[in-house]
Amino acid sequence: MSILINQATKVVVQGITGREGQFHTSQMLAYGTQVVAGMTPGKGGQMVLDVPVYNSVAEAVKEQGADTSLIFVPAAGAADAMLEAADAGIQFVVCISENVPTLDMIEVTHYFDRKGVRLLGPNCPGLISAGQCKVGIIPNHVATPGPVGIVSRSGTLTYEVMFALSQRGLGQSTAVGIGGDPVKGTNFIDVLKLFNEDPATEYIVMIGEIGGTDEERAAEYIAANVKKPTVGFIAGQTAPPGRRMGHAGAIISGGEGRAEDKIAAFKKAGIAVARHPDEVADLVMKAAGRS
Amino acid sequence: MSILINQATKVVVQGITGREGQFHTSQMLAYGTQVVAGMTPGKGGQMVLDVPVYNSVAEAVKEQGADTSLIFVPAAGAADAMLEAADAGIQFVVCISENVPTLDMIEVTHYFDRKGVRLLGPNCPGLISAGQCKVGIIPNHVATPGPVGIVSRSGTLTYEVMFALSQRGLGQSTAVGIGGDPVKGTNFIDVLKLFNEDPATEYIVMIGEIGGTDEERAAEYIAANVKKPTVGFIAGQTAPPGRRMGHAGAIISGGEGRAEDKIAAFKKAGIAVARHPDEVADLVMKAAGRS
Amino acid sequence: MNIHEYQAKEIFAKYGLPIPMGEVATTPDRAYSAARRIGGPVVVKAQVLVGGRGKAGGVKLAKTPEEAREKANAILGMTIKGITVKKVLVAPAVDIAREIYLGMVIDRAKKAVVMMASAAGGVDIEEVARETPEKIVRTTVDPTIGLRDYQARDVAYGLGLAGNQVKEFVQIAKGLYQAFMDNDASLAEVNPLVVAPDGKLLAIDAKMNLDDSGLFRHPGLDDLRDENEESADERDARAAGLNYIDLDGNIGCLVNGAGLAMATMDAVKLFGGEPANFLDIGGGARADKVATALRIILRDPSVKAVLVNIFGGITRVDEVARGVQIALEETGTKVPFVCRLVGTNEAEGRKMLAGANVAWAATLSEAAQLAARAVQTGRAEG
Amino acid sequence: MNIHEYQAKEIFAKYGLPIPMGEVATTPDRAYSAARRIGGPVVVKAQVLVGGRGKAGGVKLAKTPEEAREKANAILGMTIKGITVKKVLVAPAVDIAREIYLGMVIDRAKKAVVMMASAAGGVDIEEVARETPEKIVRTTVDPTIGLRDYQARDVAYGLGLAGNQVKEFVQIAKGLYQAFMDNDASLAEVNPLVVAPDGKLLAIDAKMNLDDSGLFRHPGLDDLRDENEESADERDARAAGLNYIDLDGNIGCLVNGAGLAMATMDAVKLFGGEPANFLDIGGGARADKVATALRIILRDPSVKAVLVNIFGGITRVDEVARGVQIALEETGTKVPFVCRLVGTNEAEGRKMLAGANVAWAATLSEAAQLAARAVQTGRAEG
C-alpha cells in the first residue's frame, strides 16, 4: 500500500521535451512509473523516450488515460500548466517548478479546491511510493519499501532522511515532498490524514522548517488524531530572522515561524524530535523497538 | 404552499433608507412580509418604519436572523451588495437594481454558485407568494392566492397577467420575476423545477421575451419533465433585430433570440401559447376546464 | 452601444493586436491624402454601425491615392440600411492567404465570456454557425481565472494553426479578451483575422459593442458614441432617460416596463395596427418625463393615434395622467389618444383626464383595438 | 525584496493613498533645501531596510530647515542594525489625533491575502498581536472577487471609524490592496495611518515587501533594489544564482537544497561550530557555479573551515567535486575542507578529489563534527 500514487498511476509529464523533463522521465520510467504521455505545446506528435508527446494535457488524458500530471515548466508558465491539467480532468498534479509567484499560487490553489483536484507543490521534489511508483525527482536509489511515511517541506533533506532510514533497514511507504513555498497545494495535515488512514504506514516522519505555522497546526492535528509513532525534525534553528533561507517560505517574520516554537509544538504533541537528520532515523528505529 | 418565500421568510432590505427602499419596505410590511432589518452603510442604529437599520448585512443576520435579502442600491454598488449578502450567510438574495454591468453579474453569479446561495435578478421585480409573503416590488393588489405559478422575464407584464388571472378568479401560488438582464441569478428552468415540485402549483405560466435562448431551453425542460399544464407568452414579436428593447437582455442578435423561434419551441413542447397578455389568463382558464 | 471599426481598431491596437492602422477621412480629398501617406494599395471602408456594408458596396479596394479619392467619393454619402455614410476608413490593403474568425461574446446560459473562432473567416459567423457549425471552435472563460494560454492554444490548434502562428494567436486572443474585459464589452470581434502570405497574423477588421450598463465606469468610451447613427427622437429620448426606438408604423405607444411595451406593440400589430415606436418610460416616471415622451412621439408626423398603456405599480397612474394632460395642452394635438391606465392611484388619474379627449380601455387588447380603429377614424372612441 | 519607505510611498500614492509626500536627501544640505521647499515642520527619517529605526534614533522632528539639516547630519552615516544610513526622507510633519495600523499580508493557511488593521497604530503589529490581539481586525480576501467595499467598511467600523472616515478608509484599503496585487507584494503596510485633527486620514509611513518570484513580470520594480543593503558577497552570490546569506561564524557551508543547507548549519552549531553562511547551490549546479560559491565563501577571512555537504539527486557529485577542485587550485587556499558527498556519480566525484587535501565524512553529523574540529586544528582530518 501507499498513498496518492501506486502501480496504476498514469502520468503525463508537462514540459517533457525540456532537459529536466526528459531526464526525470527517464528516471521515472526506470523506476517503473507508467509515464503514458508527455505534453509540450507545439511538440505534439513527437516521441520522447518512447513516450508520445501531445500539444495539450486534454489530448494526453483523452488518448492515453493520464490521471496524474508532473510539471516541469518555467515559473512564468507554471500557473497556466497547473490550471490546464486541472481543467483537462487530471486528478492529481505535481508541480516541480520553483519561483512561482505567490499570487499565482493563490489563484491556482483556489481553482484546484473548486475543481476538487489535488495539487502537490510547487517547488517540491514530488513523491515516491517505494517500489511502486515515483512522480517527481526524488533519486530512485534512496527509497526502499517499508513502513515509514515521510512528509517534508524540503527536497534534499528528505533524500537524506530516506537514505538514513534505508541504510538502517527501515523502508518507506510513501515519501511526499510538499515543497518550500508559502502557498502550496498540499500541506502537512493533508498528507498526515492519508498516512493515518494508510495501513502500510506504521511510522510517520515529518520534516519541517522555519516559516509559517504549518508545523504547529500539523502538531495539533497529530495530537488529536494520529496514534502512529511520529518523528519530527525542523530545519533552520540557526537561521536569522527576516531572511529568506532559500525556500520562499523559509523565513521568520512577524515573530512567526521560529524553529523553537515548532519544536515545542512537536514535543507538546508527543512527537519525537530529532536534532539532526541522522537522528531522525535513529528515533524511528527506537519507535520500532529496533535500536 | 409556495416556492422560495413564505410566512417564515425574514427579509433584510439593503438600501432601506433610499426612496425606493423605504417605499417598497412599507408595501412589503403591509403585505405581511417579515422585514426584520434594513441595511445602509453609515445609517446603522436608525429605524425606518420601525425596522432597525444596520451598517452591514452580517449584523442584520446576526441580530435579526435575516435569511433573505432584497437589494435597492444603485447599479455601481449592486455587485458589492449582492456579494456582501452572500458572504453574510443570506440564503436567498433578490436584486431589484437595474443597469448592473454584465461583467459584474458574471462575477457575482459564479460566486453565488460557489457559495450555494440563490440569487434572483438583478433588474427584476422580485417575487410574491400570494397571501403569504412578498419580496420585491410587485404591486400588492394584483396577487390573489391560488394554483398558478408564474415565472417571467418582465415586471409590468407579469402584473398584467396576474391581474387578468385574479380577475378571472385564478389565484397564484408564487409569481417570480427573473429579470430582463442577459446574465442573471435564476433562470426559467430553476423556477420551473421548483414549480414542478410544489404541490400548491397546478398550472404554470411562463412569460418570455426576445433575446437569448432561455425560453428554448426551458421548453425542452418542460417537454421532458413537467406534466402540469403550462401557458406561455413571448413579448417582442414586432421588435426589430439588433435593437435592445429596454431590457438589456431583450435583443435579437446573431440570428438568436427571435420571438418566432421561442413560440415554435413552446408549441413543440406542448405549451399553450397566448397571443396577448389577456389571452394568457384565458388559456389557463381553459386548462383548468373553467372557460 | 456599438462603436465604429476604426474606434474598435484603436482600442484593440492598445492591447497589442497586430492591426494595419489606417486613417479616417470625411472627404474624398482627405481619403486621397490618407492613401498617399499609407502608400501602396488601400481599402476604403464605410464607417457605419450596421452590418452588410460590404454587400452594400461600402468597402472598396483602391490601388492608387487617386482611386482612393474616387472610391471615397462613391462611398461617402451613400445610404446603408438607412444610415448615411459620413466617414470612411482608409486602411492598407493586405494580401491574404487565409481568413479566420475570432470573437468574444457573452454566453447567457453559461454566464461567462465565450471565445469563438472559426477557420471559415471573412464571412458572417451566423452563416457559419448555420451551415458548418463544426467549423466553429469555442472555449468558455472561467471568470475566476480569465482566459488562459492553454485555452487559446487549444483553439489555435483547432483552427489548424501551427508553429509561431499559435503563439501569435494566443497573444491576439488574450489581447482581445483583455480589451473585452477592460471596456465592459458585450462583443469583441476580429473578422477576418488574416494569415498573410508570409504566415503572420493580421487583424484587418474590428468590431466592438459595449455594455451600456458598464459605460458609467469608462467615461472616455461614451465619447465614442456616434450620435449620427441615432434618430433625433432616439437621441432626445435617451437624454430624457427614456427607452425609445423608432419604428415605421402609425400608432405611438407609451408604456411602463420593457416587456409590457413589447407586448403592447405586439397587440397593436395583432389587432391590425402598426406600432410607430417602442417606448418604455421605466418605473416610477413622473409627469414631466411622461410629457417629454409624448412630445417625442407626437413629433413624428406619421403618428395617427397614441396608445398609453400603464400598469401602475411604482408608477403612479395620476402622475402619468398629469403628464398626458400637460402634453395635450402644450401641443394642442389633434391625434386621438387611447388610454389604458390601471393600478396605483388609478381613480385619481382617471379623474384628472375626465375632461380630455381620450378614449378609455379596460384591457390591453381592448386598447390595441381602439387604437387601430382610431387610426382609421381619426377619432378617439371607446 | 524589501523596498524603502519613500519608494513604497511613491507606489502607494499612485493608488490614491493620501500621502504627505516628502523628498529624499543624501546630504544635510539637501535635507535643508527639501525642508525649505516643504515649509513648516518636517520629519527626517532614515531610509534603511531594517525595523526599529525609530528606537535607534533614525527618525527626528525638525521645526525649521536649519534643524532639518542638523538632524539629517546626525542621521546620515549612522548605523542601524549593521546598515549605514545613506538616505533620509524629509517629509511634512503631521498633527495626529489617532494612529491606526493597516496592512496586507499573505495568509499561508488560508492561501489568501488578508487585510489586518488595528486601532492601536504606530506600534509594532507583532506587539499588538501579542499583547492586545482583540485590537486586530482581519478580513480574508477571496481571490476570485478581490477585496470588496463591504469588507473594508466592516474593518473601518471595527476600528471605530465613522461617517466620511469610513469612505476614506475604504478607498485607502482598496488602493493598498490593488498596490499589493499589481506589484506581486508579500507585504504592504501603512503604519501609522493617522487621523489628523481635522478628521482626515493620512498615510504617514509606508512599507512594502515584494515577492522575489514575481519580479520577473515587473521589470521596473527590480530597479528599486537597494544593493547597499546587501553585503558584497550576497550581491555577487545573487548574480551567480546562488542563495547565500552572510552569518557571523567561521565554518563556510556549501550545500544543495535549502532545507539541507539549514540542517547543515544547525548540525554545525549542534556539534560546537559556528556557521559562517547559508548557501544553497540549488539543484543540478555545475562545476563553475560551485567554484563561484566557494570563491565567495573563501573571501571571508573569518572562515576557518569549509563544509561541503551534497546529497546528489539532480545535482551530480562529480560536478560538485570538479567545482571544489577548481576553487582549491585557483585560490590556493589553506583553509581545511570537509566533504560529504553522496548520491549521483558519487564514486567519480570522490576519485576526482582523491589527491586533494580534504577530509571525507559519511554522514552530515560526522561532517559537522570534523568541520568543528578542523577550525580548532586548522587541518582537515577524517
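Numbers given for residues are sequential positions, taken from 1 along each chain in its written order. Going through the entries in the order they are written, you letter the chains from A and number the ligands from 1. Local features are withheld for residues below a pLDDT of 70 in this predicted model, meaning they are given only at 70 or higher, and side-chain atom pairs are given and counted only at 80 or more; totals for whole chains, interfaces and linings count all residues. Values reported for side chains reflect all heavy atoms of the structure, with hydrogen atoms and water molecules removed beforehand.

**Quick look at the overall build of chain C**
Alright, step 1. Strands here mean DSSP runs of E at least two residues long; helices mean DSSP runs of H or I at least four residues long; both are numbered from the N terminus. Across its full length, chain C holds 13 helices and 19 strands.
Alright, step 2. Considered along the principal axes of its C-alpha atoms, chain C spans approximately 80 × 50 × 40 Å.
Alright, step 3. Out of the 382 residues in chain C, the part that is buried amounts to 55%.
Alright, step 4. By definition, residues are in contact when any of their heavy atoms lie within 4.5 Å. By sequence separation, contacts in chain C at least 24 residues apart represent 66% of the contacts at least 6 residues apart.
Alright, step 5. When charges are counted, neither His nor the chain ends are considered; positive counts come from Lys and Arg and negative counts from Asp and Glu. By convention, the charge on Lys lies at NZ, on Arg at CZ, on Asp at CG and on Glu at CD. For chain C, the distance from the average position of its 46 positive side-chain charges to the average position of its 50 negative side-chain charges is 1 Å. Using a 1.4 Å probe on the protein chains alone, a residue whose accessible area is under 20% of its type maximum counts as buried, one over 50% counts as exposed, and one in between counts as partly exposed.

**Considering the confidence of the model for chain C**
All names here are of chain C.
Alright, step 1. For chain C, the average pLDDT comes to 93, and 100% of its residues sit at 70 or higher.
Alright, step 2. A score between 0 and 100, pLDDT records how confident the predictor is in each residue. Per-element mean pLDDT across chain C ranges from 82 in helix α4 (residues 125-131) up to 98 in helix α6 (residues 164-182).
Alright, step 3. Two numbers describe this predicted complex: its pTM, 0.94, and its ipTM, 0.93.

**Here's the deal with the pairing of strand β3 (residues 42-46) of chain C**
Side chains on a regular strand alternate between the two faces of the sheet.
Residues and elements named next belong to chain C.
Alright, step 1. With five of five residues buried, β3 is to be regarded as a mostly interior element.
Alright, step 2. On β3, burial covers both faces: V42, V44 and A46 on one face and V43 and K45 on the other are all buried.
Alright, step 3. Judged from the four bridges that link them, β3 and strand β4 (residues 59-62) form a sheet pairing that is antiparallel. Residue V43 lies in a different strand from β4, and its bridge partner there is L61. Strand pairing requires that DSSP identify at least two bridges connecting the strands.

**A closer look at the interface of chain B and chain C**
Reports often express the size of an interface as the amount of accessible area lost when the parts come together.
Alright, step 1. If you look at the interface, chain B gives 58 residues, while chain C gives 47 residues.
Alright, step 2. Both faces considered, chain B and chain C share a buried interface measuring about 4100 Å² in area, 62% of it formed by carbon and sulfur atoms.
Alright, step 3. By definition, a salt bridge exists where a carboxyl oxygen of Asp or Glu is found within 4 Å of a side-chain nitrogen of Lys or Arg. Summed over the shared surface of chain B and chain C, the number is four salt bridges.
Alright, step 4. A salt bridge links D212 of chain C to R244 of chain B; the shortest N-O distance between them is 3.7 Å.
Alright, step 5. A 3.5 Å cut-off defines polar contacts: any pair of N or O atoms within that distance qualifies, except that in protein one atom must be a possible hydrogen donor and the other a possible acceptor, and neighbouring residues in sequence count only when both atoms are side-chain atoms. Linking chain B to chain C there are 14 residue pairs in polar contact (both at pLDDT 80 or more). When two parts are brought into contact, each loses some accessible area as probed by a 1.4 Å sphere; the total of that loss over both is the buried area.

**Details of empty space enclosed by the protein**
Alright, step 1. The distinction between a cavity and a pocket rests on a 1 Å grid over the protein atoms alone: a 1.4 Å probe fits inside a cavity but cannot get out, while a pocket stays open yet meets protein on both sides within 12 Å along at least five of seven lines, and a residue with an atom within 4 Å of a point counts as lining. Grid points are joined across faces, edges and corners, and a volume is the space filled by probe spheres set on the points. In the structure shown here, the tally under the stated rule is two cavities of 30 Å³ or more.
Alright, step 2. There is about 40 Å³ of room inside the largest cavity.
Alright, step 3. Considering the residues around the largest cavity, the lining is formed by R153, P182, K184, N187, G211 and D214 of chain B together with R108 of chain C.
Alright, step 4. Put simply, Ala, Val, Leu, Ile, Met, Phe, Trp, Tyr, Cys and Pro go in the nonpolar bin, Asp, Glu, Lys and Arg in the charged bin, and everything else, Gly too, in the polar bin. Tallied by class, residues from the lining of the largest cavity come to one nonpolar, two polar and four charged.

**Examining the packing of helix α3 (residues 75-87) of chain A against helix α5 (residues 149-158) of chain C**
Helix-helix packing: each pair is described by the crossing angle between the helix axes and the interaxial distance.
Alright, step 1. One way to put it is that α3 of chain A packs onto α5 of chain C with a least axis distance of 8 Å and a crossing angle of 65°. Together, D80, L83, E84 and D87 of chain A of α3 of chain A and D149, Y150 and R153 of chain C of α5 of chain C make up the contact between the two elements.
Alright, step 2. Residues that form the contact of α3 of chain A with α5 of chain C fall into these classes: two nonpolar, no polar and five charged. Note on definitions: angles span 0 to 180 degrees between N-to-C directions of axes, and those axes are lines fitted to C-alpha atoms, for helices only across the stretch in contact.

**A short note on the sheet that holds strand β11 (residues 172-177) of chain B**
All names here are of chain B.
Alright, step 1. Pairing is mixed across the open sheet formed by seven strands, whose spatial order is β9-β8-β11-β10-β12-β13-β14. Across the chains shown, the open sheet's two edge strands, defined by having one partner strand only, are β9 (133-136) and β14 (272-273).
Alright, step 2. Note that strand β10 (residues 145-152) and strand β12 (residues 203-209) share five bridges and pair parallel. What sits directly across from S152, in β12, is I207.
Alright, step 3. Seen against the sheet, helix α7 (residues 214-225) touches β12 and β13 (230-235) and runs at an angle of roughly 160° to β12.
Alright, step 4. Relative to β13, helix α9 (residues 277-287) is tilted by about 170°, and along the sheet it contacts β10, β12, β13 and β14.

**Observations concerning the pattern of salt bridges**
Alright, step 1. Applying the stated rule across the entire model yields 67 salt bridges over all chains.
Alright, step 2. One salt bridge in this structure joins E234 of chain C and R243 of chain B, with 3.1 Å as the shortest N-O distance. Here R243 of chain B lies in the loop between β13 and α8 (259-268) and E234 of chain C lies in helix α8 (residues 232-239), a pairing that spans two chains.
Alright, step 3. Residue classification places R243 of chain B among the partly exposed residues on the basis of a relative accessible area of 31%.
Alright, step 4. A network of salt bridges, in which partner residues are shared, links R153, E209, E215, E216 and K262 of chain A.

**Some thoughts on the domain arrangement of chain A**
Residue and element names in this part refer to chain A.
Alright, step 1. Note that domain bounds follow an automatic or database assignment of domains. On domain assignment, one finds that chain A holds domain 1 (10-120) and domain 2 (138-287).
Alright, step 2. For domain 1 versus domain 2, the separation of C-alpha centres amounts to 26 Å.
Alright, step 3. Between domain 1 and domain 2, the residue contacts involve twelve residues of the former and 14 residues of the latter.
Alright, step 4. Together domain 1 and domain 2 conceal approximately 980 Å² of surface at their shared face, both sides included; 54% is due to carbon and sulfur atoms.
Alright, step 5. The interface formed by domain 1 and domain 2 holds zero salt bridges in total.
Alright, step 6. At the surface where domain 1 touches domain 2, the tally comes to two residue pairs in polar contact (both at pLDDT 80 or more).
Alright, step 7. Of all elements in the fold, only α1 (19-31), α4 (102-115) and β7 (118-120) reach the threshold of two or more residues within the side of domain 1 that touches domain 2.
Alright, step 8. In terms of residues, the side of domain 1 that touches domain 2 owes the most to one element, α4, which gives four residues.
Alright, step 9. The residue makeup of the side of domain 1 that touches domain 2, split by class, is seven nonpolar, four polar and one charged.

**Some points on the pairing of strand β11 (residues 185-195) of chain D**
Residue and element names in this part refer to chain D.
Alright, step 1. A large share of β11 lies buried, amounting to ten of its eleven residues.
Alright, step 2. Bridge count between strand β8 (residues 98-107) and β11: seven bridges; the pairing is antiparallel. Residue pairing across strands places R98 opposite V195, the latter belonging to β11.
Alright, step 3. Where β11 lies against strand β13 (residues 207-210), four bridges are found, and the strand directions are antiparallel. When the sheet's bridge partners are listed, L187 is paired in β13 with N209.
Alright, step 4. Relative to strand β12 (residues 201-203), β11 runs antiparallel, the two sharing three bridges. Within β12, the residue paired with V195 across the bridge is L201.
Alright, step 5. Hairpin connection between β11 and β12: a loop of five residues separates the two successive antiparallel strands, and G199 in this loop has a positive phi of roughly 95°.

**Thoughts on helix α1 (residues 5-14) of chain C**
All names here are of chain C.
Alright, step 1. The buried fraction of α1 is high, at seven of ten residues.
Alright, step 2. Residues of α1 that are buried include every one of E5, Y6, Q7, A8, K9, I11 and F12, and no others.
Alright, step 3. Two residues or fewer past α1, G16 is found with a positive phi of approximately 85°.

**What about unusual backbone geometry?**
Alright, step 1. Residue P122 of chain B follows G121 of chain B across a cis peptide bond; omega there is 10°.
Alright, step 2. With respect to the element layout, P122 of chain B can be found in the loop between β7 (118-120) and β8 (126-129).
Alright, step 3. A cis amide bond, omega 5°, links N191 of chain D with the succeeding residue P192 of chain D.
Alright, step 4. Mapping P192 of chain D onto the fold places it in strand β11.
Alright, step 5. Phi is positive for N123 of chain B, close to 55°, though the residue is something other than glycine.
Alright, step 6. Mapped onto the elements, N123 of chain B comes out in the loop between β7 and β8.

**Let's talk about the environment of V273 of chain A**
All names here are of chain A.
Alright, step 1. When you line up the elements, V273 lands in strand β14 (residues 272-273).
Alright, step 2. Given the relative accessible area of 17%, V273 is considered buried.
Alright, step 3. Distance from V273 to V231, taken between C-alpha atoms, is 5.8 Å for residues 42 residues apart in sequence.
Alright, step 4. Beyond its immediate stretch of four places on either side in the chain, V273 contacts G232, I263, F266, K267, E279 and L283.

**A word on the nonpolar core**
Alright, step 1. Joining through side-chain atoms within 4.5 Å is the link that ties buried Ala, Val, Leu, Ile, Met, Phe, Trp, Tyr and Cys residues into a set, and such a set is a nonpolar core. Within the largest apolar cluster, 105 residues are counted, with the highest numbers of intra-cluster contacts made by V94, I150, L192, V205, M206 and M245 of chain B.
Alright, step 2. Ranked by residue count, the leading element in this core is helix α9 (residues 258-270) of chain C, at eight residues.
Alright, step 3. Residues within four places of M245 of chain B in sequence aside, it is in contact with I210, A239, P240 and A250 of chain B together with I245, A258, M262, M265 and F278 of chain C.
Alright, step 4. The next biggest cluster of nonpolar side chains, apart from the first, holds 104 residues, and it includes A143, I204 and I210 of chain A together with A261 of chain D.

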